[in-house]
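Spelled out, the chains give:
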Amino acid sequence: MLYSAFIFGLISSFHCIGMCGPIAMMLPVDRSNEAKKITQIITYHIGKLTAYGTLGLIFGLLGRSFYLAGMQQQLSIIVGILMILVAIIPERIFAKYNFSKPVYKVITKVKSSLGQQFKNKSYKSLFTIGLLNGFLPCGMVYVALFGAIAMQNVSLGIGYMILFGIGTIPMMVAVVYASGLISFSFRGTIQKAIPLVAVIIGMLFIIRGLGLDIPYLSPSNMSLFVQPEANCH
């Protein structure tokens, strides 16, 4: 299921243009030195991947606790349902209930720190911008985090989020170099496909959790994502 993270990251990056696109275009990179500009952009994305990897670690640990509790299949089904709900429920509904209110002060501080980093062109600042950007709330990241939980393994949870992040890189780089080449109509078409992709991935998790004895897709045994530990005698 790791491959689904990269695919979802690639598709959802068109949604990210609205939130992360302005940040990517405002990066304090050296416009006169192309080689340095490239390394600076890479540094920014390394910072963002570090944030995603950290989130993968946290939610991978959470998923691991479900695995140890013997809830592999149930968790896979629940995660699949949550992915589908996040994909089909309009964002304005979530905004109405303001689920991020408990951490609003933290988010405000992150945004404030993010703004301060744009004053400096150092590699440290670019890494920090990517890191802080990765921790900002985003519906697409929430969906990816559900997938990280369903991995039920710390290393796989980290890998899931990093692959998701890698999937977003091509479009974010394109925004820096050729934002004018991406038409609004094409962007709109891709954005309409994002919920469909999320629903398909959610359905894959549900099918996997049902244990239908389908090789690779829905194994009948309880160990869906993690190889069972060897028995020691």
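Rules and cut-offs
- Each chain has its residues counted from 1, running along the sequence as written.
- Totals for whole chains, interfaces and linings use every residue, but because this is a predicted model, local features are given only for residues with pLDDT of at least 70 and side-chain atom pairs only at 80 or more, for both listing and counting.
- Heavy atoms from the whole structure form the basis of all side-chain values; hydrogens and water molecules are not counted.
- The helix and strand labels rest on DSSP assignments: H or I over at least four residues marks a helix, E over at least two residues marks a strand, and numbering proceeds from the N terminus.
- Per-residue and other accessible areas were derived by the Shrake-Rupley procedure at a 1.4 Å probe size, with only the shown protein chains allowed to occlude residues.
- One fewer than the residue count of a helix, multiplied by 1.5 Å, yields its expected span.
- Throughout this description, a polar contact denotes any pair of N or O atoms lying within 3.5 Å of each other; where both atoms belong to protein, one of them has to be capable of donating a hydrogen while the other can accept it, and for residues adjacent in sequence the pair is counted only when both atoms sit in side chains.
- Contacts were defined at the residue level, with two residues in contact if any of their heavy atoms lie within 4.5 Å.
- Only the stretch in contact is used when fitting a helix axis, every axis being a line fitted to C-alpha atoms; angles between N-to-C directions are given from 0 to 180 degrees.
- Just so you know how the angles are binned, under 35 degrees is roughly parallel, over 145 roughly antiparallel, 65 to 115 roughly perpendicular, and the rest oblique.
- Each residue gets one label: Ala, Val, Leu, Ile, Met, Phe, Trp, Tyr, Cys and Pro are nonpolar, Asp, Glu, Lys and Arg are charged, and the others, such as Gly, are polar.
- By definition, turning the near helix anticlockwise from the far helix through less than a right angle yields a left-handed crossing, and turning it clockwise yields a right-handed one.
- Stacked, tilted and edge-to-face pairs are distinguished by plane angle, under 30 degrees for stacked and over 60 for edge-to-face with tilted covering the rest, among Phe, Tyr and Trp rings (Trp via its six-membered ring) whose centres lie within 6.5 Å.
- Take the buried residues of types Ala, Val, Leu, Ile, Met, Phe, Trp, Tyr and Cys, join any two whose side-chain atoms come within 4.5 Å, and each joined set is a nonpolar core.
- Partly exposed describes any residue whose relative accessible area lies between the buried limit of under 20% and the exposed limit of over 50%, with all areas from a 1.4 Å probe on protein chains only and scaled to the type maximum.
- Each patch is assembled from residues with relative accessible area greater than 30% and no salt bridge, linking like charges that lie within 9 Å and nonpolar side chains (Val, Leu, Ile, Met, Phe, Trp, Tyr) that lie within 5 Å.
- A carboxyl oxygen of Asp or Glu within 4 Å of a side-chain nitrogen of Lys or Arg is what we treat as a salt bridge.
- pLDDT expresses, on a scale from 0 to 100, how confident the predictor is about each individual residue.

1. Overview of the overall build of the protein
Argument step 1. Regarding its fold elements, the protein presents 9 helices and 0 strands.
Argument step 2. Start at the N end of the protein and walk to the C end: the helices and strands fall as α-α-α-α-α-α-α-α-α.
Argument step 3. Carbon and sulfur atoms make up 69% of the accessible area of the protein, which amounts to about 12300 Å² in all.

2. Considering helix 2 (residues 34–68)
Argument step 1. In this model helix 2 runs 50 Å from its N-terminal to its C-terminal C-alpha over 35 residues, within 8% of the 51 Å that 1.5 Å per residue would give.
Argument step 2. By the N-cap criterion, in which a side-chain oxygen at the helix start approaches the backbone nitrogen of a residue two or three places on, helix 2 is capped by Asn33, the distance to Ala35 being 3.2 Å.
Argument step 3. Positive backbone phi, at 75 degrees, marks Gly70, one or two positions downstream of helix 2.

3. Thoughts on the side chain of Gln40
Argument step 1. Within the element layout of this structure, Gln40 appears in helix 2.
Argument step 2. Excluding its chain neighbours within four sequence positions, the residues that come into contact with Gln40 are Pro28, Val29, Asp30, Lys121, Tyr123 and Leu126.

4. A short note on the packing of helix 3 (residues 72–88) against helix 7 (residues 139–150)
Argument step 1. Viewed as axis vectors pointing N to C, helix 3 and helix 7 meet at an angle of 170 degrees, and their least axial separation amounts to 9 Å. Relative to helix 7, the element helix 3 lies roughly antiparallel. Here Leu75, Val79, Leu82, Met83 and Val86 of helix 3 come into contact with helix 7, specifically with Gly139, Val143, Phe146, Gly147, Ile149 and Ala150.
Argument step 2. A per-class count over the contact of helix 3 with helix 7 returns 9 nonpolar, 2 polar and no charged.

5. What about the packing of helix 2 against helix 7?
Argument step 1. Where helix 2 contacts helix 7, the two axes come as close as 8 Å, and the packing angle between them is 45 degrees. Judged by the angle between their axes, helix 2 and helix 7 are oblique. The chirality of how helix 2 crosses helix 7 is right-handed. On the side of helix 2, the interface is formed by Tyr52, Leu55, Phe59, Gly60, Leu62 and Gly63, while helix 7 contributes Val141, Leu145, Ala148 and Ile149.
Argument step 2. Looking at the contact of helix 2 with helix 7 residue by residue, the classes come out as 8 nonpolar, 2 polar and no charged.

6. Focus: the side chain of His45
Argument step 1. In this structure, His45 sits in helix 2.
Argument step 2. Beyond its immediate stretch of four places on either side in the chain, His45 contacts Ile169, Met172 and Val173.

7. Notes on the packing of aromatic side chains
Argument step 1. The final tally for this structure, using the stated rule, is 2 aromatic pairs.
Argument step 2. These aromatic residues form a ring-pair network of at least three members: Phe8, Tyr52 and Phe164.

8. A word on the nonpolar core
Argument step 1. Phe8, Met83, Val141, Met161 and Phe164 are the most contacted members of the largest nonpolar core, which has 31 residues in total.
Argument step 2. At the level of elements, helix 1 (2–25), helix 2, helix 3, helix 7, helix 8 (154–178) and helix 9 (184–210) are the ones that each hand at least two residues to this core.
Argument step 3. Looking at this core element by element, the count peaks at 9 residues for helix 7.
Argument step 4. Among residues more than four places away in sequence, those in contact with Phe164 are Ala5, Phe6, Phe8, Gly9, Ser12, Tyr52, Met140, Val141 and Ala144.

9. Thoughts on a nonpolar patch on the surface
Argument step 1. Residues Tyr3, Phe6, Ile7, Leu10 and Ile166 make up a contiguous nonpolar surface patch of roughly 420 Å² in combined accessible area.
Argument step 2. Within the element layout of this structure, Ile166 appears in helix 8.

10. Brief notes about the environment of Ile11
Argument step 1. Here Ile11 lies in helix 1.
Argument step 2. Under the relative-accessibility criterion, Ile11 is labelled partly exposed at 21%.
Argument step 3. Through-space distance from the C-alpha of Ile11 to that of Pro195 is 9.7 Å; in sequence the pair is 184 residues apart.

11. Concerning helix 7
Argument step 1. In this model, helix 7 (12 residues) spans 17 Å end to end at C-alpha, consistent with the 16 Å of a helix rising 1.5 Å per residue.
Argument step 2. Burial analysis of helix 7 places 10 of its 12 residues in the buried class, the great majority of the element.
Argument step 3. Residues Met140, Val141, Val143, Ala144, Leu145, Phe146, Gly147, Ala148, Ile149 and Ala150 constitute the buried set of helix 7.
Argument step 4. Directly beyond the C-terminal end of helix 7, a positive phi value near 55 degrees is found at Gln152.

12. Topic: the confidence of the model for the protein
Argument step 1. Summary statistics for the protein give a mean pLDDT of 78 and a share of 73% for residues scoring 70 or more.
Argument step 2. In this model, residues 227–233 is a region of pLDDT below 50 whose contacts with residues beyond four sequence positions or in other chains number 4 contacts.

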